[in-house]
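The lines below spell out each chain.
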Amino acid sequence: MAATISIEQDQFCCSVCLEVLRDPVTIPCGHSYCLDCIEDYWNRPKQKGQYSCPQCRQAFNPRPLLSRNTVLAELVEKFQQSGFQPAAQHLAKPEEVKCSVCTVRKSKAVKSCLVCAESYCGAHSRVHEERFRGKAHKLVPAVEELREKLCPHHEKSLRLYCRTDQQCVCSQCVKDRHKGHDTVSVVEERATQQKKLQECSLKSVQKLKDAEKELRYVVRYIKHSTEAAVEESERVFSKLIRSIEKQSSEVKEVMRVQERAAVSQAEELLEKVQREILELRRSNAELEKISHTEDHVHFLQKSKSLHFHTKSVEMPSTDALQYLMYKTLRGALVDLKDSLDDTLEREFSRISDKVISLKETSNHKTSEKTKVSKDTEIPYDSEPKMRADFLHYYNDISLDPNTANPYLCFSDGRRGVTTRLEPQPYPDHPHRFTSWAQVLCKAGMAGRCYWEVEWAGNGGVSIGVCYKNMGRSGEGSDCKLGHNSKSWSLDCSYSECSFQHNKERVSITTPCCSRIGVYLDFRGGTLSFYNVSDTMVLLHKVKATFTQPVYPGFWVGLSSSLRLCSP
């Protein structure tokens, strides 16, 4: 009985809308549909003037005339009165694939036919399977835009790929439009393209990781460069302040000298006046005494010895001192201040213009990497070759006496240093090397920097760089240039030459000359040592990742000397 009811239900349902027939019509093949459903189906653009049965696919030409099947309509009405309720439909959501056959209310599609290029809900997919049972109609999970998977020229599945024209084609295309072309199956081409895309993806990921790494390094580089620049500016301004304080002391001393001279002159006059006042008092007392005598002769004789100061006291002039202290000196200091302000403003403006110029040059080099920097006329990614090229990066370094070992003696305005047998009376300082005969420069280096030194003596020298936090106190390797992870050094002597870093030693076959050039590319991570000449002979070049500004440093053997050179 249940099977009979099921068959009867199928007989009174439209296979297009899957609901009870409304205004049923029967087409020439014998299948019945709702009048609106079959007309909508035949009016679809993809029918292209071909009218077929949605179930058996029988084609009709011309388009059949449709008339209401009154007998079937009466049977449907009686069937509905018997209490028939159609099965609930799973209507498609906006983002889901819709059934191509459903008309009024679109159900959610569950399958798509690559041959028919249509998608079907559960009920319509069962109809499709029964209709094409045993035929090559492959059903796949529901997908959108099935028409795109058919050849627009032959209405066949795009199962091949033409590598010559780089497009998907059908089997018929290979025989005419793409005859003789390099064609493969879409499966094979998909595997090839997928492999290429994966490789491109890996390369892109690697490039981005490299860029990320480089940008992180650039951030550290900017911070280190700024730290070095700030430290150097503090050193220069401290020196300027000390110079101004010294001049201030000298001006005060000049004024004190003038004060002492003027006061001394006034005090001498004051003592003279005080002596004359005492003399005047004695004379007044004597006059008072003889004034009471009646002996006129005695009065006349005594009065001859009385003397009274009649000249006015000549006062010292203070006009010149006042002019010196309050006019000339004050005016000179005001002029000095104005001149200093003008100089600082002019120099700061020049520095600002230089920074802007370098920034514009950097931006221009980003768009034209091969263009040469206007400031140095050397591309950033190239190494200097001639000495003139290196001198573009010359840094006027200076030794820091607060770091010098007591056995080092300065000369040539603290640009030269020699090791002696007797210690120098340097004051204690936390930055001073206590055991090794070493000294550092005042300013840290970051960026591209170049400097030169001359050395002499049988004791040899070490020329290198180190971090500021390298050890200073004691005889351990953590305090010796080149013998720890925080320093790098070139060891020079008349008999041999070598490079040291972190207790690792590299022998250098080229003899060291008396003048050594040091080139630091902080960002590029290279430190190079050269025999200085017009062609610059490379002694050793080391790759390193500098994590903070480095300070030029030197060890000087006993009886040896070292001097910082000017270009």
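Since the model is a prediction, treat every value here as computed from it, not as a measurement.

A. Focus on the side chain of Arg-472. The residue Arg-472 is located in the loop between strand E15 (461-467) and strand E16 (487-492) in this model. Among the polar contacts made by the side chain of Arg-472, one reaches the main-chain carbonyl oxygen of His-431 at a distance of 2.7 Å. Within the structure, Arg-472 has its side chain in polar contact with the backbone oxygen of Met-470 (distance 3.2 Å). Not counting the four nearest positions on each side in its chain, Arg-472 is found in contact with Thr-403, Pro-430, His-431, Arg-432, Phe-433, Thr-434, Leu-440 and Cys-479.

B. Looking closely at the sheet that holds strand E6 (residues 118-120). If you walk across this open sheet you meet the three strands as E6-E5-E7, and the pairing is antiparallel. Only two strands of the sheet have a single neighbouring strand rather than two, namely E6 and strand E7 (139-141). Neighbour-to-neighbour, the strand axes of the sheet open up by a mean angle of 35°, direction not taken into account. By the bridge criterion, three bridges tie strand E5 (residues 111-113) to E6 in an arrangement that is antiparallel. Following the sheet pairing, Ser-112 is matched in E6 by Ser-119.

C. The sheet that holds strand E10 (residues 183-185), seen in detail. Strand order in the open sheet made by the three strands is E9-E8-E10, with antiparallel pairing throughout. In this open sheet, the two strands that pair with only one neighbour each are strand E9 (167-169) and E10. With direction set aside, neighbouring strand axes in the sheet form an average angle of 35°. Note that strand E8 (residues 160-162) and E10 share three bridges and pair antiparallel. Note on E10: the bridge partner recorded for Leu-160 is Ser-185. Along the sheet, helix H6 (residues 186-290) makes contact with E8, E9 and E10, crossing E10 at roughly 90°.

D. Region of interest: helix H3 (residues 70-81). Taking 1.5 Å of rise per residue, the 12 residues of H3 would be expected to cover 16 Å, and the 17 Å separating its terminal C-alpha atoms lies within 8% of that figure. Burial in H3 covers these residues: Leu-72, Ala-73, Val-76 and Phe-79. Axial view of H3: buried residues confined to an arc of 125°, hence all on one face. Structural note: H3 exposes Val-71, Lys-78 and Gln-81 on the side pointing more than 90 degrees away from its buried face.

E. Structural detail: empty space enclosed by the protein. Taken as a whole and assessed by the stated rule, the structure comprises one cavity of 30 Å³ or more. A volume near 80 Å³ is recorded for the largest cavity. Taken together, Ser-15, Tyr-41, Pro-54, Gln-55, Arg-57, Val-101, Glu-118, Tyr-120, His-124, Val-127, His-128 and Arg-131 make up the lining of the largest cavity. Those elements that place two or more of their residues in the lining of the largest cavity are E6 and helix H4 (122-131). Broken down by element, the residue count for the lining of the largest cavity peaks at four residues, all from H4.

F. Main features of helix H7 (residues 296-303). Within H7, only zero of the eight residues are buried, which leaves it mostly out in the open. Taking the backbone nitrogen of Val-297 as reference, a side-chain oxygen 3.1 Å away marks Asp-295 as the first, capping residue of H7.

Definitions and limits used
- Residues numbered from 1 in each chain as written.
- Predicted model: local features only at pLDDT ≥ 70, side-chain atom pairs only at ≥ 80, totals over all residues.
- Heavy atoms only, no water.
- Helix = DSSP H or I, 4+ residues; strand = E, 2+ residues; numbered from the N terminus.
- Polar contact = N/O pair within 3.5 Å; in protein donor to acceptor, adjacent residues only side chain to side chain.
- Contact = heavy atoms within 4.5 Å.
- Pairing = 2+ DSSP bridges.
- Axes fitted to C-alpha atoms, helices over the stretch in contact; angles between N-to-C directions.
- Expected span 1.5 Å × (residues − 1).
- Buried < 20%, exposed > 50% of the residue type's maximum accessible area, 1.4 Å probe, protein only.
- Arc of directions from axis to C-beta.
- 1 Å grid on protein atoms, 1.4 Å probe; cavity = no way out; pocket = protein on both sides within 12 Å on 5 of 7 lines; lining within 4 Å.
- Points joined across faces, edges and corners; volume = space filled by probe spheres on them.

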